[in-house]
Structure formats: structure tokens, C-alpha cells
Amino acid sequence: MKKIEVIKSILGEHYLQAPQNQSAEAFAPTNIALVKYWGKRNPELNLPVTSSLSISLDDKGAKTTFSIHDNSQDIITLNKQVIDPASSFAKRLTEFVNYFRGEGEYYFDVNIEANIPVAAGLASSACGFAALVQVLNKLYGWSLSKSSLSVLARLGSGSACRSIWDGFVEWHMGLRDDGMDSHGLSIKETWPELCVGLLIMQDKEKSVSSREAMQRTVVTSALYSGWSGKVDQDLSLMKNAIKHKEFELLGKTAESNAMTMHALMLSAWPPISYALPETVKAMQKIWQLRKEGLDLYFTQDAGPNLKLLFLQKDLSVIQENFPHVEVVRPFSK
Ligand code: PMV
């Protein structure tokens, strides 16, 4: 099944209808997976091999504004800089928007403000596409449910389907070929003491995209057959940890899941490693601090940066040990 067929069936009579408003704005938080999505059963529709579970990062994310204008092409601005229309960033965005605009005679001023480094394994495409579908929903007046918006966001970038919600979110893998049952759903539990620390080692664009790395892993890693079982186990442990507020279980499960995902990448051919020497040094420091009794864990995505997981009570010790850490409290509101 093609993306366009899924889009048509979600939008129904609204498909290719003219915008109802001149402009619209939406914000979506970025999300960090505690149990990762790594591998697609359908690359065209971004349908995953497993379910996954994430936490949204409060006010860290992307605010996107669309306004219709009279120019003969879209003008995309990211953090106040106009983006080259020939860049992969602009092409990916325009290609997605064209599914909804069709051959329409109108173009947009697209203004994106992201307060996280773009394309450095900080899930910028996740909040980007989640904000985008919500802006389009307002602009065109579709009035779609959150689950339908989540399906649309998934078509832009898999992990974006989780950024439609705040807090903990599970992306249910679904079973259908058209992917209508493959979307995020909010997990009601909150955890006010929980902190996520962003340890940025590098904020440049990554050398291998997560899309490419994922496919290469699925196709070439001899270890990939064990991934689905590992995720099933970790999902059940993680849900228990969240339900009973067992921080050690949450941290251990998240770190072990991330390390397994990176082990899969190391076993792919050609091998993929996102770690920099600073990444490995930080990991060793975390393991040492933990040995000394600190409740500190981490997770790592498709980039060299680490996300620390700890509780509010340890905030000052963490800040002493990692002076550049940027701390987010996902449930502070
Ligand atoms: O949605 P993508 O293509 O950006 O892939 C995201 C992959 C990871 O961030 C590494 C894992 C995840 O579940 O978010």
C-alpha cells in the first residue's frame, strides 16, 4: 500500500480541499524512547517491527507556523535562517506537504523554531513532523483525532507518531497492512521527580541517517532476530517500572535496551557506530558513579549524545559531575 492511499483514507472528503485558514501554528515536544523503535516491517509506511515506549520532553521541541503567501514556492525558515529549497531538509518537508496540497496554486511561508539541535539524534524529525501534521490539521480544518494525527505523523517519520502526546507514550506496532492501528497512545501515569539530562557531545548533522542505519541493521545484522523478544520483555518491565515508580527498573531497562540497539548496529555491515570518544567517556563516568551508589542511567539514540535518567533528589550531584547538562523535567507542570 502507498502512503497516498493511507492519506486519502484518513482525510476522506477533506483530501485536497482548500485550506480553511490563512495561517496556523502548533508546537510538538520531542520524545526520547525508553524502549526503542529499531527496524521497519514496511519502510514506505514506517511500520515498525516492534512497539516502543517514549517520554516527551515538555517544552523542548518544535513550534511550526504556516501562512499562505503569494510567492511561487514555499519559503522555509528554521530558527530564523532561510533554508535552501534544494537541501534534503526542505525537500523532505515539501514532499510531505505536497501530499495534502496536491497541485494547488498556493505556497507557504513555513517558520520552524526548534529549541533542540536538529538531526543530531535528538529526535528533531519526531517533533518536526508531529508539529507539522498538527499545523496542517488546523490550517485545513480537518478536525482529526489524535490517533489519526499520530498515523499521519508516522508517515513523515516513525518516531513522530509518539510526539503527539506529552508524558509517557506507547507506540503500538499494530498488525494491519495499511498501518491504521500503528500509532501512539498516551500512558496516563505521571512521574514528577523524573529528570532527563541532555548531554550534548555534538550538535552537527549525523553521518548516517536513522532511516539508513535501521534498514542496514535489519538486513545485515545476525543479531537482529533477537531484537523483537528483547523489546517485548523490556516493554513489560518498563510499564511495570512506570506503574510502580521503580526508578532503578526504569533506568536499567532503558539503558539495557539502548545498549542492545547499538550492539545491533555494531554487528551490521558496514558497521555503524554513533559514539564519539566523549560518548564512551561519559558512559564510563556514569557506570563509575553508579558503582559509587548514584541512581543514574542513560539512553542513546542515533547520534553521539546521551540522555541521562535520574530523579530530582540527585539533581545537584548530576550538575556537579556534568556541568553542561541541560535538565528537563517532563512532568514539571
Ligand atoms: O523515527 P526515526 O526514523 O527518526 O527513528 C528513530 C530511531 C531512534 O530514535 C533511535 C529510536 C526511537 O524509538 O526513537
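The following paragraphs examine the structure supplied in this document. Note that the coordinates shown come from a computational prediction; the quantities given were computed from them, not determined experimentally.

Regular strands show a simple pattern: their side chains alternate between the two faces of the sheet. Of the two faces of strand S7 (residues 107-114), the one lined by Phe108, Val110, Ile112 and Ala114 is fully buried and the one lined by Tyr107, Asp109, Asn111 and Glu113 carries no buried residue. Relative to S7, strand S4 (residues 52-69) runs antiparallel, the two sharing eight bridges. Bridge assignment links His69 to a residue of S7, and that residue is Tyr107. Sheet topology places strand S5 (residues 75-78) next to S7; four bridges connect them, and they run parallel. The partner of Ile76 across the bridge, within S7, is Val110.

We now examine the nonpolar core. Among the nonpolar cores identified, the biggest contains 46 residues, and Phe66, Phe100, Phe108, Leu132, Tyr140, Trp142 and Leu152 are the most heavily contacted of them. Secondary-structure elements contributing two or more residues to this core are helix H1 (3-11), strand S1 (23-35), S4, S5, helix H2 (88-101), S7, helix H3 (124-140) and helix H4 (146-156). The greatest single-element share of this core, amounting to ten residues, is contributed by H3. Beyond its immediate sequence surroundings of up to four residues, Phe108 is in contact with Phe66, Ser67, Ile68, His69, Gln73, Asp74, Ile75, Val97, Arg101, Leu139 and Tyr140.

Right, let's get into helix H8 (residues 277-291). Over its 15 residues, H8 runs 21 Å from end to end, which matches the ideal 21 Å to within 8%, given 1.5 Å per residue. In this structure, the buried side of H8 is in contact with strand S10 (194-199), helix H7 (247-266), strand S11 (297-300), strand S12 (306-311) and helix H9 (315-321). Of the residues one or two after H8, Gly293 is the one with positive phi, at around 110 degrees.

Glancing now at the packing of aromatic side chains. Throughout the structure, instances matching the rule amount to twelve aromatic pairs. On the numbers, 5.3 Å between centres and 10 degrees between planes, the contact of Tyr140 with Trp142 is stacked. Like Trp142, Tyr140 is buried. Judged by centre distance (6.4 Å) and plane angle (90 degrees), the ring pair of Trp191 and Phe247 falls under edge-to-face. Residue Trp191 is found in the loop between strand S9 (183-186) and S10, and its partner Phe247 is found in helix H7; the two are separated by 56 residues along the sequence. Residue Phe247 is classed as buried on the basis of its relative accessible area of 6%. Clustering of aromatic rings is evident, with ring pairs tying together Phe96, Tyr99, Phe100, Phe129, Tyr140 and Trp142. We note Lys245 situated over the ring of Trp191; from NZ or CZ to the ring centre the distance is 5.7 Å.

Taken together, the neighbourhood of the ligand is formed by 14 residues, with Tyr37, Ser157, Ser159, Arg162 and Ser210 sitting nearest. Within the backbone of Tyr37, an N or O atom sits 2.9 Å from an oxygen atom of the ligand. Between Asp301 and the ligand, the recorded distance is 3.3 Å, taken from a side-chain N or O atom to an oxygen atom. For the ligand, the protein covers 91% of the area, taking 380 Å² as the surface of the free molecule. Residues of the shell around the ligand, tallied by class, amount to six nonpolar, five polar and three charged.

Our focus in this paragraph is the pattern of salt bridges. Under the definition given, this model contains eleven salt bridges. With its nearest N and O atoms 2.6 Å apart, the salt bridge here joins Asp301 to Lys36. Of the two residues, Asp301 is situated in the loop between S11 and S12 and Lys36 in the loop between S1 and strand S2 (40-42); the sequence distance between them amounts to 265 residues. Ionic pairing is found between Glu212 and Arg216, a salt bridge with its closest N-O pair at 2.9 Å. Placement of the pair is Glu212 and Arg216 together in helix H5 (residues 210-220), with a separation of four residues, close to one helical turn. Classification of Arg216 as buried rests on a relative accessible area of 18%.

About the criteria used
- Residues numbered from 1 in each chain as written.
- Predicted model: local features only at pLDDT ≥ 70, side-chain atom pairs only at ≥ 80, totals over all residues.
- Heavy atoms only, no water.
- Buried < 20%, exposed > 50% of the residue type's maximum accessible area, 1.4 Å probe, protein only.
- Helix = DSSP H or I, 4+ residues; strand = E, 2+ residues; numbered from the N terminus.
- Pairing = 2+ DSSP bridges.
- Core = buried A, V, L, I, M, F, W, Y, C linked by side-chain atoms within 4.5 Å.
- Contact = heavy atoms within 4.5 Å.
- Expected span 1.5 Å × (residues − 1).
- Phe/Tyr/Trp six-rings, centres within 6.5 Å; stacked < 30°, edge-to-face > 60°.
- Lys NZ or Arg CZ within 6 Å of the ring centre and 35° of its normal.
- Near = heavy atom within 4 Å.
- Polar contact = N/O pair within 3.5 Å; in protein donor to acceptor, adjacent residues only side chain to side chain.
- Areas by Shrake-Rupley, 256 points an atom, 1.4 Å probe, with all protein chains shown as cover.
- Nonpolar A, V, L, I, M, F, W, Y, C, P; charged D, E, K, R; others polar.
- Salt bridge = Lys/Arg side-chain N within 4 Å of Asp/Glu carboxyl O.

Geometry only, nothing functional implied.
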